[in-house]
Amino acid sequence: MPDFEALAGVDQGLYLILLLLTLLPTLWVRSLVFRPIGGAMASSARWTFCLTGLALLVSLGQWGSTWLLYESFGWLYIKDKLLGYLPLILLPAIVTAMVSIPRLWRLSTRHPIVVPFVAVQGMARASADEETARRQEAAAPEMIVPIQALSLGAFLAATLQFILPSVTLQKEMLMIAWGVLLAGSSALWIWHSWRQQRYGRSGILHRSNLIVRFLQGTFVLLLLTACSVTWLNLERQASLLPDQMSMTNHTTIDTGKMQASAVDHAQHASATTPIQTIRVTDLSGPQTEVPDRQFRLIAQKAKIQLPSGKVVEALTYNGQYPGPELRIKQGELIEVVLENKDIPEGVTIHWHGLNVPNAEDGVAGATQDAVLPGEKHRYRFVAQQSGTYWYHSHQRSAEQVKKGLLGAFVIEPATPTGSPAAPKLDLSLVHHKLGDGAGITLNGMDGLLKERVVPGTSVRLRLINADSFPATLQLQGTSFQVAAIDGNEIHEPNLIANQTLLLAAGGRYDVTFSMPKQSVFLSQSKASNEHGLLLSPDGTGEAPVLHPDLPVFDPASYGSPQKLPFDLLTRYDRDFRLVFDVQLGFYNGQLDGLWTINGKVFPNTPMMMVKEGELVKMTFINRSYMDHPMHLHGHHMLVLSRNGIPTTGSPWWTDTLNVAPGETYEVASRADNPGLWMDHCHNLNHAASGMTMHLLYEGVTSPFQVGHQTRNQPE
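Below, the structure is looked at part by part. (Residues numbered from 1 in each chain as written. Predicted model: local features only at pLDDT ≥ 70, side-chain atom pairs only at ≥ 80, totals over all residues. Heavy atoms only, no water.)

Here we look at the packing of aromatic side chains
No. 1: Counted by the stated rule, this structure contains 19 aromatic pairs.
No. 2: Taking 6.0 Å as the distance between ring centres and 70° as the angle between the ring planes, the aromatic pair formed by F566 and W653 counts as edge-to-face. Placement of F566 in the loop between β22 (532-536) and β23 (574-587) and of W653 in strand β30 (residues 653-654) is noted, with a sequence separation of 87 residues between them.
No. 3: When its relative accessible area of 4% is taken as the criterion, F566 is described as buried. (Phe/Tyr/Trp six-rings, centres within 6.5 Å; stacked < 30°, edge-to-face > 60°. Helix = DSSP H or I, 4+ residues; strand = E, 2+ residues; numbered from the N terminus. Buried < 20%, exposed > 50% of the residue type's maximum accessible area, 1.4 Å probe, protein only.)

Let's talk about unusual backbone geometry
No. 1: With omega at -15°, the peptide bond leading from Y321 into P322 counts as cis.
No. 2: Here P322 lies in the loop between β5 (311-317) and β6 (323-329).
No. 3: For the bond running from F602 to P603, omega is 10°, close enough to zero to count as cis.
No. 4: In this structure, P603 sits in the loop between β24 (590-597) and β25 (606-610).
No. 5: Notably, E492 is not glycine yet its phi reads approximately 50°, a positive angle.
No. 6: Among the structural elements, E492 can be located in the loop between β18 (488-489) and β19 (501-503).
No. 7: For N498, which is not a glycine, the phi torsion comes out positive at approximately 55°.
No. 8: Structurally, N498 is set in the loop between β18 and β19.
No. 9: Among the residues examined, N498 registers a relative accessible area of 38% and is labelled partly exposed.

What to know about the sheet that holds strand β21 (residues 520-524)
Either a parallel or an antiparallel arrangement is found when strands of a sheet pair, and the pairing is made through backbone hydrogen bonds.
No. 1: Taking strand neighbours across the sheet as the criterion, the five strands line up as β14-β22-β21-β16-β19 in an open arrangement whose pairing is mixed. Looking at strand neighbours, the two that pair on one side only are β14 (448-452) and β19, the edges of this open sheet. Averaged over all neighbouring strand pairs, the angle between strand axes comes to 20°, with direction disregarded.
No. 2: As paired strands, β14 and β22 are joined by five bridges and run parallel to one another. Note on β22: the bridge partner recorded for K450 is L534. (Pairing = 2+ DSSP bridges. Axes fitted to C-alpha atoms, helices over the stretch in contact; angles between N-to-C directions.)

Points about the packing of helix α1 (residues 4-31) against helix α3 (residues 79-109)
No. 1: Following both chains from N to C, one finds α1 and α3 inclined at 25°, their axes separated by 12 Å at the closest point. By the angle between their directions, the pair α1 and α3 is classed as roughly parallel. Here α1 runs over α3; the crossing is left-handed. For the pair α1 and α3, the contacting residues are D11, Y15 and L18 in the first and K81, Y85, L86 and I89 in the second.
No. 2: Classifying every residue of the contact of α1 with α3 by side-chain character gives five nonpolar, no polar and two charged. (Parallel < 35°, antiparallel > 145°, perpendicular 65-115°, else oblique. Left-handed = near helix turned anticlockwise from the far one by under 90°. Contact = heavy atoms within 4.5 Å. Nonpolar A, V, L, I, M, F, W, Y, C, P; charged D, E, K, R; others polar.)

Right under this line is the structure:
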């Protein structure tokens, strides 16, 4: 399959090339009438002919790149192009090829031009007739307007491509673009028809002097600048986030069957049988039973000195980086008391990947208020699952997670497996970059972490990617199994070696192996052998050499199949399609590249509505240039297919799915955990700039608010 980023980059580059190629012909073609008859006019016509021809070839190239995108990645990757901005170029390009090009060719080759009798009546000399005919041809709107309309169409298409790529989801902007093209072309036609008629009456077409043309150009430039500044200011104002709003007040409701406005949804709800409402605060864990385990986490500022000697200003739980590992047994009731010592923005704890009751999810403004300095918050829930998870703050998470508010959370099976007598090593490894002053760390170490392991020991490494970017890791020195993905055990995992493990941001892999007699080394694929984890029989030794170009482990075909609760043939109650794009625009008053879901950023992203017990399917389509690790709170997703190909290995359950550029995934889950749940990109900078949405069970309400005038800023 072709590289999506390269192919899409070429495709977008063609829009800019077309725009540049049409600018000079647009200016030259209107001035041909002023050129001296003979070599000057013919030469200018030839240049205009060549550049216009190149522009038409580039427009053909756009259709070729569109076809390649369709062949390689499917209809959803070209739908907006084909139904949106390509037709803005196609129509004027066809007219230019059929009408303007032949006329330019005649002017450039000095072929005789036949004019109507009325155009030459009363003229005595053949040369005068020829000059009149050529100037009439050069002033003809049939030749000039299609070329200028092609330039206008290229400008509008490039604007939609780079500013509003999801134009079929922005129908109002598409209608405006077509209105501008038609109105602009009509105005140009009227103007050039008037010029030609004026020449026909007088036989002379005077060109304005330089000062007049300068003043005209200045006026047009000032008018365009004023319009642009006004429009940009309106867009900036419209992008400002509300001072206070409920997370349930998305402007668009997606029922999984059709999209409707929030007003339409409210009218529909009022016309049907009222749904019993429940607050997220009522969807909590046991509040009166004695907990099996209790933990106390104090959020506080601290200076962290890494083994390399670097000192980083950090935010910590209990003064540690990462925070203390919480390790419990499946089925236990745990209680965690969070205290905020001195972090003024407030903090929370989100249990990443764990399907806790909604009130315990730890999202500021959705399931609780952020915990301000001097305050406490208690989380209580029964650990129904087992596996590898992690916890982190979900208040201003792009900043707070990066600065260290995170830790490993391990839930061991209620019934241990394996021989009790066999030696075991069960080690959690948190991959993370602390702040801006340090590199990647592993359990807070930015150097080489060494462990002594007796040969024959059963080793389980719980790999946690707490960074905002995918982690590519290698395990050298032994064969191994990927025993679990995102806390879900793999059915009959294969023994593999020399494969790169790509962990989504927020994702987890458990790898298991029996310790050999030689050293085993875990590190980033492109790191030196002085960074990572070194296991050896004596706790010393040299790290094995890393291989730069290993194949990437593929969960879609790994392990043995099992019977699935649902598959591609299942009839789903809800079917959501989420398209990820990038566009230039304002978010909360700042001009930036926006990572969008269905052409929108929060709070305009769709709210996915479900009912308890329903089967829900989602399709993720990534048309942008970066990975988007999509994380659905409170549920696990079963991956059904990737790029249209069904998964064939062990059931691939995940809570954080990395969707790379050009990838399409179909996933499914059962709506069995009522509440208000975030579904967002776990590149937390993307989420902070609006790449977040929510899944809401019908009847669920939240008393909490987000916004500048509240204490809650979840992203």
